[in-house]
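Each chain, written out:
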Amino acid sequence: MTETILLGMPKRKPERAPSRTGRSFFVRTYGCQMNDHDSERIAGLLASDGMVAAERPEDADVVVLNTCTIRENADQRLYGYLGALKRAKQQRPDMQIMVGGCMAQKDRGTIQERAEWVDVVFGTHNTHRVLELLDHAEEWGPVTEIWEETTSIEDIPSTLPSHRESEHSAWVTITIGCNNSCTFCIVPIVRGAEISRRPGDVIDEVRRLVADGVAEVTLLGQNVNSYGRDLDLNGRKPLFADLLRRVGEVEGIRRIRYTSPHPKDLREDVAIAMAETPAVCEQLHLPLQSGSARILSAMHRGYNGERFLEKLAMARSIIPDLAVSTDVIVGFPGETEQDFQATLDVVEESRFDSAFMFQFSPRPGTPAAEMGDRVPAEVIQERFDRLVELQNRITLERNQEMVGQRYEIMVEGPSKRDPSLITGRTRGNKLVHVPGSWEPGTFFDAEIVRAAPHHLIGSLV
Ligand code: SF4
């Protein structure tokens, strides 16, 4: 076994000249927005070293898999994919394979035990070191670099080059880690305790992005509403509401979104800051997870269905025309038909604009994975179908309420299905197709003329 465990390597010197000019990379991302954002940084670092993006992994000199532990069978998928890469590497021995993200953080050295053709394994807080890790692997052989408890926010520099998917929209990390202990979630285990970035650093990054042509930012954290609780700025803890207002003051920023808040921590001051800061969009992602008090307690969520509805009513009363999305898990251990009915009731009453709906699957390492009283798969499927049917109806009704109204659209690009249309988004993050041709990043007003379950059709006003 050739694995080297390497911790605390000296940091790469930023002044190093590009050394991989003409070589190519491919980044494959699994999981959430955090991983999407990390992948943009990884791609940006590789591009800063002279590399160009390859269309296919088998053509790339460096293949990066940014992994997630959330989905069921995540490890089978990873090792299946690594098996395919092994064949590509046998044909092209110079290919370097890197595995990062949550699975790498959780499984550490075992990845190279099972797939010894992997050159680099790096943890969730080591994305900024991909180049030095590649150098090290080239010279010394396979390497594993995993974040340990000593990591601070300074180890995750915001000034990294980023290879963004969109020229006009960008992610901005405001916290890493999480102090909650939701029993279904692996994040606190793999990403550690919450660390907030200083407000000045966040503002500086937003200013740089705006100077680079970005009009829309999404502030990212596992629980943005607890932002700043770990900071001490001259005896004061900055609040998320203050941060929203300050980001809103950056000249040139047109849209600010954020994800995700925790319902238990959503307070009036944030809703008021949203309503009073013109650039902050009327959009809220508020993860419900379940409507049953019993199941929410087993999940360690810190609220019940009633309290969730109160928070939602508070936000809607303060922010006009608020679009709300959510997450729901079906079939958590011990969920009875009565518990599920409570979820349906809260979903019906909440009238979410959209929902990410999941069937419970145990994630190794979480308390929920050890819980008995599992719900049979066919029962989960049947409940899931009922929930999807309910939410689809509500989503369509919410979209139909928009017909005849005027909304600001930000263009993302030509429609993938019909190039005579552009695809854009409202401030509420609704997908709208409009006949015509505009550059990505253009803003205009459209009247909604037709509603479908998952998109709207508009016409230029
Ligand atoms: S709030 Fe809960 S679900 Fe969200 S990241 Fe933290 S532990 Fe996971």
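Quick caveat: nothing in here was measured; it's all calculated off a predicted structure.

A word on the overall build of the protein
Scanning the protein from terminus to terminus reveals 13 helices and 20 strands. Compactness check: the protein gives a C-alpha radius of gyration of 23 Å against a globular reference of 23 Å for 461 residues, within 12% of the reference. Considered along the principal axes of its C-alpha atoms, the protein spans approximately 60 × 55 × 55 Å. Considering only intrachain contacts with a sequence separation of at least 6, the fraction spanning at least 24 residues in the protein is 73%.

Focus: the environment of arginine 207
Inspection of the secondary structure assignment puts arginine 207 in helix 7 (residues 199–211). In the structure, arginine 207 is positioned twelve residues away from leucine 219 in sequence and 14 Å away in space, judged by C-alpha atoms.

Re the pairing of strand 20 (residues 456–460)
Pairing analysis gives two bridges linking strand 18 (residues 431–435) to strand 20, with the strands arranged parallel. Following the sheet pairing, histidine 433 is matched in strand 20 by isoleucine 457. Sheet analysis places strand 19 (residues 443–451) next to strand 20, joined by five bridges and oriented antiparallel. What sits directly across from isoleucine 448, in strand 20, is glycine 458. Between the end of strand 19 and the start of strand 20, which pair antiparallel, lie four residues.

A few points about the site of the ligand
In the vicinity of the ligand, the contacting residues are Cys178, Asn180, Cys182, Cys185, Val187, Pro188, Gln222, Asn223 and His262. Of the residues belonging to the shell around the ligand, the class tally is five nonpolar, four polar and no charged.

Looking at the packing of helix 9 (residues 268–276) against helix 11 (residues 305–318)
One can describe the packing of helix 9 onto helix 11 by two numbers: an axis separation of 9 Å at closest approach and a directional angle of 25°. Viewed along their axes, helix 9 and helix 11 adopt a mutual orientation that is roughly parallel. Where helix 9 crosses over helix 11, the handedness of that crossing is right-handed. Of the residues in helix 11, those in contact with Glu268, Ala271, Ile272 and Ala275 of helix 9 are Met314, Ala315 and Ile318.

Some remarks on the sheet that holds strand 12 (residues 255–259)
The three strands are arranged 8-11-12 in an open sheet whose pairing can be described as parallel. Looking at which strands have only one partner, the edges of the open sheet turn out to be strand 8 (169–173) and strand 12. Averaged over all adjacent pairs, the angle separating strand axes in this sheet is 25°, with direction ignored. Here five bridges tie strand 8 to strand 11 (residues 216–220), and the two strands are oriented parallel to one another. The residue bridging alanine 170 from the neighbouring strand is valine 217, located in strand 11. Sheet contacts for helix 7: strand 8 and strand 11; angle to strand 8, the most-contacted strand, approximately 165°.

Considerations on the domain arrangement of the protein
Looking at the assigned domains, one finds that the protein contains domain 1 (4–145), domain 2 (166–281), domain 3 (288–401) and domain 4 (406–460). Centre-to-centre, using C-alpha coordinates, domain 1 lies 35 Å away from domain 3.

Quick look at the environment of glutamine 96
Residue placement: glutamine 96 occurs in strand 5 (residues 96–101). Once the C-alpha coordinates of glutamine 96 and valine 118 are considered, the two residues, 22 residues apart in sequence, prove to be 7.4 Å apart. Once residues within four sequence positions are removed from consideration, glutamine 96 is found in contact with Asp61, Val62, Asp119, Leu134 and Ala137.

Re the environment of alanine 43
In this fold, alanine 43 is placed in helix 1 (residues 33–48). For the pair formed by alanine 43 and valine 27, sequence separation is 16 residues and the distance between their alpha carbons is 6.9 Å.

Here we look at unusual backbone geometry
Residue serine 260 is reached from threonine 259 by a cis peptide bond, and omega for that bond is -10°. Mapping serine 260 onto the fold places it in the loop between strand 12 and helix 9. A positive phi angle, near 60°, is found at histidine 300, a position not held by glycine. Residue position: histidine 300 is located in the loop between helix 10 (293–298) and helix 11. According to the C-beta neighbour criterion, histidine 300 is partly exposed, with 14 such atoms within 10 Å. Phi is positive for asparagine 429, which is not a glycine, with a value near 75°. As for its position among the elements, asparagine 429 is in the loop between strand 17 (421–425) and strand 18.

Basis of the calculations
- Residues numbered from 1 in each chain as written.
- Predicted model: local features only at pLDDT ≥ 70, side-chain atom pairs only at ≥ 80, totals over all residues.
- Helix = DSSP H or I, 4+ residues; strand = E, 2+ residues; numbered from the N terminus.
- Rg over C-alpha atoms; globule rule 2.2 N^0.38 Å.
- Contact = placed C-beta atoms within 7 Å.
- Pairing = 2+ DSSP bridges.
- Near = placed C-beta within 6 Å.
- Nonpolar A, V, L, I, M, F, W, Y, C, P; charged D, E, K, R; others polar.
- Axes fitted to C-alpha atoms, helices over the stretch in contact; angles between N-to-C directions.
- Parallel < 35°, antiparallel > 145°, perpendicular 65-115°, else oblique.
- Left-handed = near helix turned anticlockwise from the far one by under 90°.
- Domains from an automatic or database assignment.
- Buried ≥ 20, exposed ≤ 12 C-beta atoms within 10 Å, placed from the backbone.

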